[in-house]
2 protein chains.
Amino acid sequence: MSGKKVLVTGGAGFLGSHLCEGLLAAGAEVRVLDTFSSGRKDNLNGCPGRLEIITGDISGEEDVGRAARDVDVIIHAAFPMPVRERSMETKHIGAALAGLFNLLKEAAAREALFIYFSSIAVYGDQQYIPIDEEHPCEPATLYGAVKLAGEHFCRTLAKIPGLRYVILRIADIYGPRNSRVSTPVKFLLQAIRKENIVVHGSGRQSRTYTYVGDLVDAVLKAVVNPAAPGRVFNIAGDEAVSIYELALAARKAAGNEVDVVFAPGEPADDRKLVICGSRAKKLLGFQPRIKLAEGLSSTCRWLRDNPSYYG
Amino acid sequence: MSGKKVLVTGGAGFLGSHLCEGLLAAGAEVRVLDTFSSGRKDNLNGCPGRLEIITGDISGEEDVGRAARDVDVIIHAAFPMPVRERSMETKHIGAALAGLFNLLKEAAAREALFIYFSSIAVYGDQQYIPIDEEHPCEPATLYGAVKLAGEHFCRTLAKIPGLRYVILRIADIYGPRNSRVSTPVKFLLQAIRKENIVVHGSGRQSRTYTYVGDLVDAVLKAVVNPAAPGRVFNIAGDEAVSIYELALAARKAAGNEVDVVFAPGEPADDRKLVICGSRAKKLLGFQPRIKLAEGLSSTCRWLRDNPSYYG
């Protein structure tokens, strides 16, 4: 990565700040574009070395032009949906796709590699397992539909000479600095505070939690691998666990003997979710290394070290 | 259609105004929502009967809420891309998708049937002919990508109970009140003015021009047919013609012996385009009836009767 200049949008957010750390450690020059509406300056405290920070909005063509100057790579980790809101509003949809378009135009103009974070939410209900990248895309949530729309924007604009993109369909990412509404963090906080861990619904809903450090590893591999451009990759933890199993694991990581209790929740798909990661393994040499117990322990340590992080 | 209350977004535009005429003639009550930025009041002069007009923007939740009050059907003919511009800008993308989202939410809340105009541009390069609705969607233009994104929004939000939608993938629509940059109108105007008809590129690019009256017929059928909701239909003329053939047909319709001349143009796909309309025929009983010569004659008559339409 040495000598590469990388723009990370949303660089002060959860995902973005871990990417900045990883990129700097790998020798890249890093520039952050963030509105700081949900991103926070203190997320960047752990960054080794020099980081350029631009306060601005991906929806603004001027901000994007300034942020993308001279970059070799654009990693698009911004997503204009406030972390506290669990559903998308009209303004987020317009901003997400207009912002993506601005970034893609800049990437094409500068022949910068574009890394797009899509989501396994693009698949919708699983029609077979394991879900590989050829699985039909029929998103069941608006979030998934917006992420899928973004994939089409990447593919379509790649017909412009100069644009090279990589699409990473990521699963539930967790780790230090994660939003407090993410389930692993919520359960850990309950266990640390010796409250009951509250599982909504049957607890059988299956997820493939992915430790943020593994995601950073996948991104670094995608940036330098000549086989990556033009391709889509699933990036997900290889252990599917139920929400109930997650609650037990979080309790174990925190080391407090709290109760796991059930509360009413929306009916959900209780089938086991399995994401196929073999394309990323084969072409990028990527495989998740952090087991759930280890990732939860590390997140728990961070939560204990930063008791006032969530205010 | 009698007794049905229908909202037509972009109702003062080319497509919208023809829909209003057809809906009113079929006995529906019609309300128009239009910004009048490219739509025009005089497009609605030919409307038989009463028409309610709301000046407003699909991007505004309040405007949409007001316009959708008590409607049974929402026909979404607005598309926020100025007719003079041939490419999409950031602001159009945000507005198109945010506006669509507002309308879908209202349709779901009111259990109104939603008619979405997609485009055959969602298919991209033809991988086989005739192109049926199962053809892969790999748009080659941003317009196609935005239209495809809209389809995903319809499908995803239809997982909310109450939302029923029909997707119509339409081909090049032409007819009276069409934009002057549409190729049939451009050629007819050149022929009427006894200028040369200028064909850009090889002239072999293939299109399936669809007369606007046929499209209105398809929409009316889709609105009342219980087999339509949840489905996608190609709606296209069944004669594929080359641009050169179109030029000859326009000259014939105008009855002026002008020359057809060639000018440089972008390299284009010269293969014959064939759109399969058999699903619409089978399930909706729809088939295009207006042959190209007839549609061009009718458009030519209108152009001669309205010499100052384009200012």
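Keep in mind that what you see is a predicted model, and the values were worked out from it rather than measured.

**So, the packing of helix α3 (residues 90-110) of chain A against helix α3 (residues 90-110) of chain B**
(1) Moving on: Relative orientation of the contacting elements α3 of chain A and α3 of chain B amounts to 150 degrees, with a least axis distance of 8 Å. On the basis of the axis angle, α3 of chain A is roughly antiparallel to α3 of chain B. Regarding α3 of chain A and α3 of chain B, the two cross each other, and that crossing is right-handed. On α3 of chain B, the residues that touch Thr 90, Lys 91, Ile 93, Gly 94, Ala 95, Leu 97, Ala 98, Phe 101 and Asn 102 of chain A of α3 of chain A are Thr 90, Lys 91, Ile 93, Gly 94, Ala 95, Leu 97, Ala 98, Phe 101 and Asn 102 of chain B.
(2) Moving on: Taken together, the residues that form the contact of α3 of chain A with α3 of chain B break down as 10 nonpolar, 6 polar and 2 charged.

**Section: the relation of the copies chain A and chain B**
(1) Moving on: Screw-axis analysis of chain A against chain B gives a translation of 0.0 Å along the axis, an RMSD of 0.0 Å, and a rotation angle of 180 degrees. Here the transformation between the copies is reduced to the relation of a two-fold axis. Rotation axis and chain A: the residue whose C-alpha lies nearest the axis is Gly 94 of chain A, separated from it by 1.9 Å.
(2) Moving on: Interface residue correspondence from chain A to chain B reaches 100%, placing this contact among same-surface, isologous pairings.

**Observations regarding the sheet that holds strand β2 (residues 29-34) of chain B**
Residues and elements named next belong to chain B.
(1) Moving on: Read from one edge to the other, the open sheet built from 7 strands follows the order β3-β2-β1-β4-β5-β6-β11, with strand pairing classed as parallel. The sheet is open, and its two edges are formed by β3 (51-55) and β11 (232-235), each paired on a single side. Between one strand and the next, the sheet's axes are offset by a mean angle of 20 degrees, whatever the strand orientation.
(2) Moving on: Note that strand β6 (residues 164-170) and β11 share 4 bridges and pair parallel. Each bridged residue has a counterpart across the sheet, and for Leu 168 the counterpart in β11 is Phe 233.
(3) Moving on: Sitting on the sheet, helix α1 (residues 14-25) touches β1 (5-9), β2, β3 and β4 (73-76), and the angle it makes with β2 is about 165 degrees.
(4) Moving on: In the packing of helix α4 (residues 142-157) onto the sheet, the strands contacted are β5 (113-119) and β6, and the crossing angle to β5 comes to about 155 degrees.

**Describing the domain arrangement of chain A**
All names here are of chain A.
(1) Moving on: The domain boundaries assigned to chain A delineate domain 1 (5-173 + 209-235) and domain 2 (175-208 + 239-305).
(2) Moving on: Between the C-alpha centres of domain 1 and domain 2 the distance comes to 23 Å.
(3) Moving on: Tallying the contact residues gives 33 residues for domain 1 and 29 residues for domain 2.
(4) Moving on: For the side of domain 1 that touches domain 2, the element with the most residues is helix α6 (residues 212-224), which contributes 7 residues.
(5) Moving on: Across the side of domain 1 that touches domain 2, the residue classes break down as 17 nonpolar, 8 polar and 8 charged.

**Section: helix α9 (residues 292-305) of chain B**
Residue and element names in this part refer to chain B.
(1) Moving on: Helix length check: α9 (14 residues) gives 20 Å between terminal C-alpha atoms against 20 Å at 1.5 Å per residue, within 8%.
(2) Moving on: Taken residue by residue, α9 has Leu 292, Gly 295, Leu 296, Thr 299, Cys 300 and Leu 303 as its buried positions. Along the long axis of α9, the arc covered by the buried residues comes to 135 degrees, so they all point the same way. Turned more than 90 degrees off the buried face of α9, the exposed positions are Arg 301, Arg 304 and Asp 305.
(3) Moving on: Buried positions along α9 lie against β7 (173-174), α5 (183-192), β10 (210-211), β12 (241-242) and α7 (243-254).

**A word on the nonpolar core**
(1) Moving on: Residues Ile 115 of chain A together with Phe 114 and Ile 115 of chain B are the most contacted members of the largest nonpolar core, which totals 208 residues.
(2) Moving on: Beyond its immediate stretch of four places on either side in the chain, Ile 115 of chain B contacts Val 73, Ile 74, Ile 75, His 76, Val 166, Leu 168, Val 219, Ala 222 and Val 223 of chain B.

**Concerning the sheet that holds strand β1 (residues 5-9) of chain A**
Residue and element names in this part refer to chain A.
(1) Moving on: Here we have 7 strands laid out as an open sheet, ordered β3-β2-β1-β4-β5-β6-β11, and parallel in their pairing. Looking at which strands have only one partner, the edges of the open sheet turn out to be β3 (51-55) and β11 (232-235). Each strand axis lies, on average, 20 degrees off the axis of its neighbour in the sheet, ignoring direction.
(2) Moving on: Note that strand β5 (residues 113-119) and strand β6 (residues 164-170) share 7 bridges and pair parallel. Across the sheet, Ser 118 pairs through a bridge with Arg 169, a residue of β6.
(3) Moving on: The strands touched by helix α2 (residues 61-68) are β1, β2 (29-34), β3 and β4 (73-76); relative to β2, the strand with the most contacts, the crossing angle is about 170 degrees.
(4) Moving on: Contacts from helix α4 (residues 142-157) reach β5 and β6, with the element oriented near 155 degrees to β5.

**Some remarks on unusual backbone geometry**
(1) Moving on: The step from Ile 129 of chain A to Pro 130 of chain A runs through a cis peptide bond, and the omega angle for that step is -10 degrees.
(2) Moving on: The residue Pro 130 of chain A is located in the loop between β5 and α4 in this model.
(3) Moving on: The backbone phi angle of Glu 111 of chain B is positive, close to 55 degrees, even though this residue is not glycine.
(4) Moving on: On the secondary structure map, Glu 111 of chain B appears in the loop between α3 and β5.
(5) Moving on: Judged by local crowding, Glu 111 of chain B falls into the exposed class, with 11 C-beta atoms found within 10 Å.

**Topic: the environment of Gly 285 of chain B**
(1) Moving on: Inspection of the secondary structure assignment puts Gly 285 of chain B in the loop between α8 (278-284) and α9.
(2) Moving on: Distance from Gly 285 of chain B to Lys 221 of chain B, taken between C-alpha atoms, is 7.6 Å for residues 64 residues apart in sequence.

Cut-offs applied
Residues numbered from 1 in each chain as written. Chains lettered and ligands numbered in written order. Predicted model: local features only at pLDDT ≥ 70, side-chain atom pairs only at ≥ 80, totals over all residues. Axes fitted to C-alpha atoms, helices over the stretch in contact; angles between N-to-C directions. Helix = DSSP H or I, 4+ residues; strand = E, 2+ residues; numbered from the N terminus. Parallel < 35°, antiparallel > 145°, perpendicular 65-115°, else oblique. Left-handed = near helix turned anticlockwise from the far one by under 90°. Contact = placed C-beta atoms within 7 Å. Nonpolar A, V, L, I, M, F, W, Y, C, P; charged D, E, K, R; others polar. Least-squares fit on C-alpha atoms with pLDDT ≥ 70 in both. Pairing = 2+ DSSP bridges. Domains from an automatic or database assignment. Expected span 1.5 Å × (residues − 1). Buried ≥ 20, exposed ≤ 12 C-beta atoms within 10 Å, placed from the backbone. Arc of directions from axis to C-beta. Core = buried A, V, L, I, M, F, W, Y, C linked by C-beta atoms within 7 Å.

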